[in-house]
Amino acid sequence: DGGITQSPKYLFRKEGQNVTLSCEQNLNHDAMYWYRQDPGQGLRLIYYSQIVNDFQKGDIAEGYSVSREKKESFPLTVTSAQKNPTAFYLCASSIDSPGGGSNEQFFGPGTRLTVL
Amino acid sequence: AQKVTQAQTEISVVEKEDVTLDCVYETRDTTYYLFWYKQPPSGELVFLIRRNSFDEQNEISGRYSWNFQKSTSSFNFTITASQVVDSAVYFCAFLGGEDKFYFGSGTKLNVKP
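Residues numbered from 1 in each chain as written. Chains lettered and ligands numbered in written order. Predicted model: local features only at pLDDT ≥ 70, side-chain atom pairs only at ≥ 80, totals over all residues. Heavy atoms only, no water.

1. Some points on the overall build of chain B
Heads up, the condition is: For the purposes of this entry, the term helix denotes a DSSP run of H or I that reaches at least four residues, the term strand denotes a run of E that reaches at least two, and both are numbered from the N terminus. With C-alpha atoms as the basis for the radius of gyration, the globule rule is written as 2.2 Å multiplied by the number of residues raised to the power 0.38. Exposure categories follow from relative accessible area, calculated using a 1.4 Å probe and restricted to protein chains: below 20% of the type maximum is buried, above 50% is exposed, and the middle band is partly exposed. Residue contacts follow a heavy-atom distance rule, with two residues in contact if any of their heavy atoms lie within 4.5 Å. For every accessible area listed, the method is Shrake-Rupley and the probe measures 1.4 Å; residues are considered covered only by the protein chains on display.
A count of helices and strands for chain B gives 0 helices and 12 strands. When the helices and strands of chain B are placed in sequence order, the string is β-β-β-β-β-β-β-β-β-β-β-β. Computed over C-alpha atoms, the radius of gyration of chain B comes to 14 Å, within 12% of the 13 Å expected from 2.2 N^0.38 for 113 residues, which places it in the range of a compact globule. With respect to the principal axes defined by its C-alpha atoms, chain B has extents near 45 × 25 × 20 Å. In chain B, which comprises 113 residues, the share counted as buried stands at 44%. Long-range contacts, defined here as pairs at least 24 residues apart, represent 54% of the contacts in chain B between residues at least 6 apart. Per element, the accessible surface of chain B, about 5,500 Å² overall, is 47% carbon and sulfur.

Okay, here's the thing in structure tokens:
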């Protein structure tokens with residue numbers, strides 16, 4: 001089945017550690033996105049990538065890093081520089097970049113990160 | 001700058017009641033798209049509808065209907081005869097010339113049996 005997978009579903013990290021969240025899609029989508037969701041709030045864009053080997057900062061990129069070495073993969077690293085990393089992280093993809101049309105985003109199941 | 005406002009933080013209804021979720025947006029773009037997503041307790045966002053700025057026709061899909069009014073910059077979502085399975089957080093989203101999605105803060109809908 002086609003879709004977006006995120007792993008792990010729950011992740012615990014000690015303060016000061018870097019951690020990488022996985023996002024894989026087999027939808028052959030060009031664009032991929034990372035969002036952060038805090039309790040009772042909407043989604044905030046962290047990073048997005050429209051093509052392989054290229055990505056742009058979103059609204060809250062500080063303390064995060066990404067890579068896009070393959071079309072189907074867009075891992076997110078939460079670094080120790082992120083002051084308040086505990087949140088729910090959602091990965092999404094769309095057929096092409098938003099500027100190329102009106103394509104909706106398809107979302108993965110999310111990863112809930114807790115910093116102990 | 002674009003902005004999406006969902007003023008209703010949480011709504012509770014009894015099963016079979018109709019409920020309307022409000023969405024108001026701000027933009028200077030003339031071409032844009034509006035979306036509604038559903039987030040059930042599992043966390044994954046599910047796409048419900050897309051509407052472009054040139055199409056103000058209301059849309060109905062089963063128990064769901066959407067009312068898009070450019071004059072009031074609103075894109076409201078109505079669930080008719082609500083069911084317990086409709087309980088979720090619903091997000092309205094905007095996509096304009098900046099090539100970025102803007103999400104509202106979400107409305108949590110509780111449908112009680």
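2. Focus: the sheet that holds strand β3 (residues 19-25) of chain A
All names here are of chain A. Quick note on the threshold: We treat two strands as partners when DSSP finds at least two bridges between them. Axis lines are fitted through C-alpha atoms, for helices just across the contact stretch, and the angle between N-to-C directions can take any value from 0 to 180 degrees.
With respect to topology, 4 strands assemble into an open sheet ordered β1-β3-β8-β7, the strand pairing being antiparallel. What marks the edges here is a single partner per strand, and that holds for β1 (4-7) and β7 (64-66). On average, adjacent strands in this sheet sit at an angle of 20 degrees to one another, irrespective of strand direction. Summarising the sheet, β1 and β3 pair through 4 bridges and their orientation is antiparallel. Among the inter-strand pairings, Ser7 is bridged to a residue of β3, identified as Ser22.

3. Side note on a nonpolar patch on the surface
Cut-off, in case you're wondering: In this scheme, patches are assembled from residues that exceed 30% relative accessible area and form no salt bridge. Like charges are connected within 9 Å, while nonpolar side chains (Val, Leu, Ile, Met, Phe, Trp, Tyr) are connected within 5 Å. By salt bridge we mean one thing: a side-chain nitrogen of Lys or Arg within 4 Å of a carboxyl oxygen of Asp or Glu.
On the surface, Tyr10, Phe12 and Leu116 of chain A cluster together to form a nonpolar patch covering roughly 390 Å² of accessible area. As for its placement among the helices and strands, Phe12 of chain A is situated in strand β2 (residues 10-13).

4. Here's the deal with the side chain of Gln6 of chain B
Residue and element names in this part refer to chain B. The cut-off we apply is this: Side-chain atoms alone can form a polar contact between residues adjacent in sequence; in general such a contact is a pair of N or O atoms within 3.5 Å, and within protein one must be able to donate a hydrogen while the other accepts it.
One can find Gln6 in the loop between β1 (3-5) and β2 (10-14). Looking at Gln6, the relative accessible area reads 4%, which means it is buried. Here Tyr90 takes part through its backbone oxygen, which lies 2.9 Å from a polar atom of the side chain of Gln6. Only 3.1 Å separates the side chain of Gln6 from the backbone nitrogen of Gly106, close enough to count as a polar contact.

5. Considerations on the state of the cysteines
Residue and element names in this part refer to chain A. We count it as follows: By convention in this document, the label disulfide applies to cysteine sulfur atom pairs within 2.5 Å.
In the structure shown here, the tally under the stated rule is 2 disulfides over all chains. Between the sulfur atoms of Cys23 and its disulfide partner Cys91 the distance amounts to 1.9 Å. Torsion about the S-S bond of the Cys23 and Cys91 cystine: about -75 degrees, corresponding to left-handed handedness. Taken as a pair, Cys23 in strand β3 and Cys91 in strand β9 (residues 87-94) lie far apart in primary sequence, 68 residues in all.

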